[in-house]
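# Geometric and topological summary
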Amino acid sequence: MATSTSTVTKPCKDRRQVLVMRFTAGERIAHWVHFIAFTILLGTGLFLYMPALRPFAVGEAGEASRLAHRAAAILFMAAPLIYLIWSPRDFFYSLREALTWGPDDLGWLRAAWGYYTRGDTARMPPQGKYNAGQKFNALTQIITFILFVVSGMIMWFGKGVVSPAVFVGSVIIHDLSMMATVALFILHIYLVAVHPLMRESITAMFEGTVTEEFAREHHGKWLAEQEQERVYRRCRDE
Amino acid sequence: MSRLAMLFDASRCIGCKSCQVACKQWWGLPASETVQAGTYENPTDLEPNTWARVTFHEYEADGQFQWLFLAWGCVHCTQAACVDVCPTGALKHHALGFVSLEREACNGCGYCSQVCPFQVPRMETVNLLTGAARASKCTFCQDRATNGLTPACVKTCPPGALEWGERDALLEKAHARVEWLKSRGYAQAQVYGERELGGLGRLFVLTAPPEAYGLPANPQYSTLAASWQNVVQPLGYVAVAATTLGLAFNWLATRRARLSNLESVEPEATEEREA
């Protein structure tokens, strides 16, 4: 939030050019580190999962892919730390958001179908920085992160130390966490890159900003909050 | 071809460890440096370099002391936990009836070493950090067996305590031997391996209960291990298919809703539709 967060003193020439800061540099870098780590982990993990990919799992190829998996695991574990250290304020803000559920989240659930098919915004209550779907995604990410790390550490360092049941249990928990995150990953990619009505949200993760119009439509409660604070705004190309 | 198996007759074993040495010799396995552990067992456990060994057990029955010997190594289960969990296919059920191990295919994950109810597979761990390792275990000399030869240990056994052949014939022999032993006063004589875990490839004629030899009376392995690849993993495909299908429906619904919205008015939006 250090750069480009100064209050806009003069109004932008075109209202559509008003940009609102949505993700700080720390948030974006943590997100992309997580993304890269997750894709490597998924790719190398699938070698052991899908019989068709067995050539990558056997012998020396298998050892190389495990090495890549473990290196990516360190990156994966580092991502939330990057977030915490770089943008502590946003880290705790997002965490609090994800853990706070209210009537507007129920409203989101009721209005979600119309909203995500017809773009029917009328019945959608204004959402905070994260809507109920995003909160659900965040919670699943937090829970599976813990499950991934604990079961992964047991598989890495616990061989012969923990009981066979705990070891096999860890393998299965690792797999189940993968299934949950892959389903969410597909949904996530769909919403930001394929869904005809939501595409602007991806620019927020690249450039950090969204147009005020998008923010009002999708995260009205949050935008109001930002307006009170009078930060996070700038005009495009100025 | 019917299933091949090995029969170990404990009542004939003299504890000479020739089988242990023959195994090392055939496979070119180096000996490991050991210390005197107060037992004739040497080494005192299976190792990455020791796939077969003789175990020694002190046993007392009816006030009489006995020394029991057991030629130990992989027992080649029919319901093999190691095969169930192996993610590389390095461990397989060979058509001849044993559990084969393709060392070049093994990536060293070590799952087999964790689930085996007999703690047989051993990992040669090169590096804990990278996980570089290889599993090892007795394969009934898969190279010899597939070429019509008997395993090295059987070939060498001086008292003929080890035999190699068709499983059914060996079982018949084992039961006859047990009857004979019983008639000679070995009341506890019994066959081990006939039905355990679907039937073992290594059959035993024992003169005392299995526990006296350090064998589990009722070997089992967890349903978790058995269900991982067969039940849990297929769920992943279901999850991905269901998600993708759901999103495809959503995409179609959104597209339709959008087109009908555009059709109503908005001249600039029609351009977008055409593009």
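A brief report on the enclosed structure follows. In this text the structure is predicted, and so the values were computed from the model without any measurement. (Residues numbered from 1 in each chain as written. Chains lettered and ligands numbered in written order. Predicted model: local features only at pLDDT ≥ 70, side-chain atom pairs only at ≥ 80, totals over all residues.)

### Considerations on the overall build of chain B
When helices and strands are tallied, chain B shows eight helices and ten strands. Since a compact globule built from 275 residues should have a radius of gyration of about 19 Å, the 28 Å found for chain B marks it as more spread out than a globular shape. Expressed along its principal axes, the backbone C-alpha trace of chain B runs to roughly 105 × 40 × 40 Å. Intrachain contacts of chain B at a sequence separation of at least 6 include 60% that bridge at least 24 residues. (Helix = DSSP H or I, 4+ residues; strand = E, 2+ residues; numbered from the N terminus. Rg over C-alpha atoms; globule rule 2.2 N^0.38 Å. Contact = placed C-beta atoms within 7 Å.)

### Notes on the packing of helix H5 (residues 132–157) of chain A against helix H6 (residues 164–194) of chain A
Residue and element names in this part refer to chain A. At a closest axis distance of 9 Å, the pairing of H5 and H6 adopts a crossing angle of 150°. Considering the angle they form, H5 stands roughly antiparallel to H6. Note that H5 runs across H6; the crossing there is left-handed. Across the interface between the two elements, Asn-137, Thr-140, Thr-144, Leu-147, Phe-148, Ser-151, Gly-152, Ile-154 and Met-155 from H5 touch Val-166, Phe-167, Ser-170, Val-171, Ile-173, His-174, Ser-177, Ala-180, Thr-181, Leu-184 and His-188 from H6. (Axes fitted to C-alpha atoms, helices over the stretch in contact; angles between N-to-C directions. Parallel < 35°, antiparallel > 145°, perpendicular 65-115°, else oblique. Left-handed = near helix turned anticlockwise from the far one by under 90°.)

### Let's talk about helix H4 (residues 103–118) of chain A
Residue and element names in this part refer to chain A. Between the first and last C-alpha of H4 there are 23 Å, a value that for 16 residues agrees with the 22 Å anticipated at 1.5 Å per step. The largest bend along H4 measures about 55° and falls at Ala-111. Considered for burial, the residues of H4 that qualify are Trp-108, Tyr-115 and Thr-117. Once H4 finishes, Gly-119 follows within two positions and takes phi at roughly 65°, a positive value. (Expected span 1.5 Å × (residues − 1). Bend = angle between axes of the 7 residues up to and from the residue. Buried ≥ 20, exposed ≤ 12 C-beta atoms within 10 Å, placed from the backbone.)

### So, the pairing of strand S6 (residues 122–127) of chain B
Residue and element names in this part refer to chain B. Looking at chain direction, S6 and strand S7 (residues 132–136) are connected through five bridges and run antiparallel. When the sheet's bridge partners are listed, Thr-125 is paired in S7 with Ala-133. As consecutive antiparallel partners, S6 and S7 are separated by four residues, and within that stretch Gly-131 has a phi angle of approximately 80°, a positive value. (Pairing = 2+ DSSP bridges.)

### A few points about the interface of chain A and chain B
Interfaces are often sized by the amount of accessible area the parts lose when they come together. Contacts between the two partners involve 33 residues from chain A, matched on the other side by 35 residues from chain B. Looking at which element gives the most residues to the side of chain A that touches chain B, the answer is H6 of chain A, with 16 residues. Grouping the amino acids of the side of chain A that touches chain B by side-chain chemistry returns 22 nonpolar, five polar and six charged. (Nonpolar A, V, L, I, M, F, W, Y, C, P; charged D, E, K, R; others polar.)

### Here we look at the nonpolar core
Within soluble globular proteins, side chains that are nonpolar tend to cluster in buried spots. Counting residues in each nonpolar core, the largest one holds 78 residues, and the members touching the most others are Ala-71, Cys-82, Val-115 and Cys-153 of chain B. It is strand S1 (residues 4–9) of chain B that provides the largest number of residues to this core, a total of five residues. Every residue in contact with Cys-153 of chain B, bar those within four places of it in the chain, is listed here: Cys-19, Ala-22, Cys-23, Ala-52, Ala-71 and Leu-162 of chain B. Ranked by size, the runner-up nonpolar core spans ten residues in total, among them Phe-23, Phe-214, Ala-215 and Leu-223 of chain A. (Core = buried A, V, L, I, M, F, W, Y, C linked by C-beta atoms within 7 Å.)

### Overview of the packing of H4 of chain A against H5 of chain A
Residue and element names in this part refer to chain A. Two numbers describe how H4 lies on H5: the axes approach to 8 Å, and their chain directions differ by 110°. When the axis of H4 is compared with that of H5, the two are roughly perpendicular. Residues Asp-105, Trp-108, Leu-109 and Ala-112 of H4 touch H5, and the partners they reach there are Ala-132, Gly-133 and Lys-135. Across the contact of H4 with H5, the residue classes tally to four nonpolar, one polar and two charged.

None of the figures reported here should be taken as evidence of function without further support.
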